[in-house]
Amino acid sequence: MRILTASDRALLVEAADLDEAMRLNLAWEGLPGVVERVPGARTVLVRFDPLRVSATELAHTLAATEVDAARPPINGEVTIPVQYDGEDLDEAASGLGVSAEELVNRHLAADWRVAFSGFAPGFGYVVSSDPLFDVPRRSSPRTRVPAGSVALAGPFTGVYPRESPGGWQLIGRTDAVMWDIDRDPPALLAPGTAVRFERVRADARLGAAQVSRNGDHPSHPRRAARQLADADADGPGFGTASAVEVVRPSLQLLVQDAGRPGFAALGVSASGAADRRAMRDANRAVGNTVAAAVLESVGGAVLRFHGAGVAAVTGAIGTLTLTGAEGFARPILHGEPFATFDGDELTLGHPESGLRCVIGVRGGVDVSPALGSRASDTLAGLGPEPLAAGAVLPIGEAAPHAVEPGAVPRDLPAAGDVVELEITLGPRDDWFTADALEVLTAQEWTVTPRSDRVGIRLQGDAPLERSVDGELPSEGAVTGAIQVPPDGQPVLFLPDHPLTGGYPIIGALTDRSLDLAGQLPPGVRLRFAVQVRSDS
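The rules we used
- Residues numbered from 1 in each chain as written.
- Predicted model: local features only at pLDDT ≥ 70, side-chain atom pairs only at ≥ 80, totals over all residues.
- Heavy atoms only, no water.
- Helix = DSSP H or I, 4+ residues; strand = E, 2+ residues; numbered from the N terminus.
- Rg over C-alpha atoms; globule rule 2.2 N^0.38 Å.
- Buried < 20%, exposed > 50% of the residue type's maximum accessible area, 1.4 Å probe, protein only.
- Contact = heavy atoms within 4.5 Å.
- Areas by Shrake-Rupley, 256 points an atom, 1.4 Å probe, with all protein chains shown as cover.
- Lys, Arg positive; Asp, Glu negative; His and termini not counted.
- Charge placed at Lys NZ, Arg CZ, Asp CG, Glu CD.
- Pairing = 2+ DSSP bridges.
- Axes fitted to C-alpha atoms, helices over the stretch in contact; angles between N-to-C directions.
- Salt bridge = Lys/Arg side-chain N within 4 Å of Asp/Glu carboxyl O.
- Arc of directions from axis to C-beta.
- Polar contact = N/O pair within 3.5 Å; in protein donor to acceptor, adjacent residues only side chain to side chain.
- 1 Å grid on protein atoms, 1.4 Å probe; cavity = no way out; pocket = protein on both sides within 12 Å on 5 of 7 lines; lining within 4 Å.
- Points joined across faces, edges and corners; volume = space filled by probe spheres on them.
- Nonpolar A, V, L, I, M, F, W, Y, C, P; charged D, E, K, R; others polar.

1. Overview of the overall build of the protein
Argument step 1. Of regular secondary structure, the protein possesses seven helices and 34 strands.
Argument step 2. A compact globule built from 536 residues should have a C-alpha radius of gyration of about 24 Å, and the protein, at 24 Å, falls within 12% of that.
Argument step 3. Projected onto its principal axes, the C-alpha positions of the protein cover 75 × 55 × 40 Å.
Argument step 4. A buried classification covers 55% of the 536 residues belonging to the protein.
Argument step 5. Residue pairs at least 24 apart in sequence account for 75% of intrachain contacts in the protein once pairs closer than 6 positions are excluded.
Argument step 6. Of the roughly 22,300 Å² of accessible surface on the protein, a fraction of 50% belongs to carbon and sulfur atoms.
Argument step 7. Seen as two clouds, the 46 positive and the 69 negative side-chain charges of the protein have centres 1 Å apart.

Okay, here's the thing in structure tokens:
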């Protein structure tokens, strides 16, 4: 195997093939210091805690692993009904040198198995032993692939769990629900599951998938992730407001917390607050645990408090005003806790520096969790939906600490400022020319408006030139990864990024640079500096 640096907290292990990658992934279950593993087509991404194990120590342990030659066990069976009427069916068949009917028949006859998950929650990479299935991705990805689309790419079949962009070849569609937060497990195509595709004619009802996994799991309609509550005018008394209402939302107003790590096997990224420090500062200010749910706002907004409580605003810097029910307005200090009373309205001005404001309320935002977290994952559609005017969010009662005035001020960038971010190179820096590696750190990269919580699209005068052509088999990616699509203009992954991808990653931000990355508004100019490694 070959062990590559994926970040200052992750290693990417190359295996000989998919089967070995699957066996290695199982062998590393429970390994001390390992936080999470993300298997890929021929790799396993291993995220670790540097306080428990160093990169060097972990690499030695991983390299010494002996794996069982036996194939991993089957984890239940699923039958998926498919109408084979996809837009790319004829083209894919022609590219493989067979008729469309033969492609369908061999797809039905093959023994399929879920190798790993990624891209989005519920998206399983399903592989068979039939050598026919080795299909190139589309040269130009679609911006919209409908949910339920059955598609081919490389040796894999996949089913899109929800509408999303995609470059796979579409051969059919199904009504089977790939992802259901109220099902156990939520992913229909969990790793290790045996899959059989069943043909359904176009004039027949598709019906639901048949599942056998140590007993049948009923499929329930997905419950709304966002919990709304009527405001209680009396409230629970001073110290914890009963609710906060959205009067005017910002460009993007979300509930966030520390995220949901540990679900990579289901194709679920950690997500969570884009600026973790701002979340911790806001929660400390109001006396919450540091990971309590907060509001994350891009741009100006107006919030109304129901009941008496305490709040604080951290992150991006802008004008803050609190207007009482009687109409009297007073300025609010950034980072400092302030008392709120029933009917008070907090107005967040447009940020003068930074991008995302974080609003903490004593007791925390108490919406319903999904997989143990209240974070809104905008790519996966997990957690509360983006908040609109009229949304009323209940506030919890657990605030174990006293309020804490005196937040440490931060110097956040505005459009036009130059920011330096620290990176590690790899795992695919060897896919780029020597000139590209020099360009990566020598030139400035501008943050474009085409940026969100999935990733920041960067623009530089000189694109990054590859030395290796062709497709990269899907492999894991970390938050902070610098992925380079064919145009050579990098995308810097933020918390809602896909777990796996097929474009090469030239480097990744160090952990201490991630919070600043979450505060970069359009127009900021970036420089990357390679970390001088000192591993012990």
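2. Focus: the sheet that holds strand E24 (residues 353–361)
Argument step 1. Overall, antiparallel pairing links the five strands, which are arranged E16-E17-E24-E19-E22 in an open sheet. The open sheet is flanked by strand E16 (252–256) and strand E22 (338–340), the only strands paired with a single partner. When strand polarity is set aside, the average angle formed by the axes of neighbouring strands in this sheet is 30°.
Argument step 2. Across five bridges, E16 lies against strand E17 (residues 294–298) in antiparallel orientation. Across the sheet, residue Val255 finds its bridge partner in E17, namely Leu295.
Argument step 3. Across the face of the sheet, helix H5 (residues 276–286) comes into contact with E17, strand E19 (309–317) and E24 while running at roughly 155° to E19.

3. Here we look at the pattern of salt bridges
Argument step 1. All chains considered together, the criterion is met by 30 salt bridges.
Argument step 2. The partner of Arg428 in a salt bridge is Glu14, with the nearest N and O atoms 2.5 Å apart. Residue Arg428 is found in the loop between strand E26 (418–425) and helix H6 (434–442), and its partner Glu14 is found in strand E2 (residues 10–14); the two are separated by 414 residues along the sequence. One exposure class covers both Arg428 and Glu14, and it is buried.
Argument step 3. Two residues, Arg453 and Glu296, come together in a salt bridge whose shortest N-O distance is 2.9 Å. Residue Arg453 is located in the loop between strand E27 (445–451) and strand E28 (455–459), and its partner Glu296 is located in strand E17; the two are separated by 157 residues in the primary sequence. As far as the burial class goes, Arg453 and Glu296 line up, both buried.
Argument step 4. Three or more residues are tied together by salt bridges with common partners; here these are Arg2, Glu14, Arg428, Asp430 and Glu475.

4. With respect to helix H3 (residues 89–96)
Argument step 1. Every buried residue of H3 is listed here: Leu89, Ala92, Ala93 and Leu96. When H3 is viewed along its axis, its buried side chains cluster within an angular range of 100° and face the same direction. For H3, the exposed residues set more than 90 degrees away from the buried face come down to Asp90, Glu91, Ser94 and Gly95.
Argument step 2. Structurally, H3 contributes buried residues whose contacts are with helix H4 (100–109) and strand E12 (169–173).

5. Digging into helix H1 (residues 18–27)
Argument step 1. Among the residues making up H1, those that are buried are Leu18, Ala21, Met22, Arg23, Leu24 and Asn25.
Argument step 2. Where H1 begins, the side chain of Asp17 points an oxygen toward the backbone nitrogen of Asp19, at a separation of 3.3 Å.

6. Looking at the sheet that holds strand E33 (residues 505–509)
Argument step 1. Strand order in the closed barrel formed by seven strands is E26-E33-E30-E31-E28-E27-E34, and the pairing between neighbours is mixed. Direction aside, the axes of adjacent strands within the sheet are offset by 40° on average.
Argument step 2. Pairing analysis gives two bridges linking strand E30 (residues 481–483) to strand E31 (residues 491–493), with the strands arranged antiparallel. Following the sheet pairing, Gln483 is matched in E31 by Val491.
Argument step 3. On top of the sheet, H6 reaches E26, E27, E33 and strand E34 (525–530); it is set at about 120° to E34, its chief contact.

7. Things to note about the side chain of Gln83
Argument step 1. Structurally, the position occupied by Gln83 is in the loop between strand E5 (77–82) and H3.
Argument step 2. The buried category is assigned to Gln83, whose relative accessible area is 4%.
Argument step 3. In terms of polar contacts, Gln83 uses its side chain to reach the backbone carbonyl oxygen of Arg201, at 3.5 Å.

8. Brief notes about the layout of surface pockets
Argument step 1. One number sums up the size of the largest pocket: a volume of about 1,400 Å³.
Argument step 2. Around the largest pocket, the lining comprises 45 residues; the ones closest to its centre are Pro141, Pro165, Arg457, Gln483 and Tyr503.
Argument step 3. Those elements that place two or more of their residues in the lining of the largest pocket are strand E8 (142–145), strand E11 (164–166), E27, E28, E31 and strand E32 (500–501).
Argument step 4. Ranked by residue count, the leading element in the lining of the largest pocket is E28, at four residues.
Argument step 5. Its residues assigned to classes, the lining of the largest pocket shows 19 nonpolar, 16 polar and ten charged.
Argument step 6. Roughly 800 Å³ of volume is contained in the second largest pocket.
Argument step 7. Arg47, Ala270, Arg276, Asp511 and Leu514 are, among the 37 residues lining the second largest pocket, the residues nearest its centre.
Argument step 8. Every element with two or more residues in the lining of the second largest pocket is listed here: strand E3 (34–39), strand E4 (43–48), H5 and helix H7 (514–517).
Argument step 9. Each residue belonging to the lining of the second largest pocket can be placed in one class, and the counts come to 20 nonpolar, seven polar and ten charged.

9. As for the side chain of Ser54
Argument step 1. Here Ser54 is to be found in the loop between E4 and helix H2 (55–63).
Argument step 2. The buried category is assigned to Ser54, whose relative accessible area is 6%.

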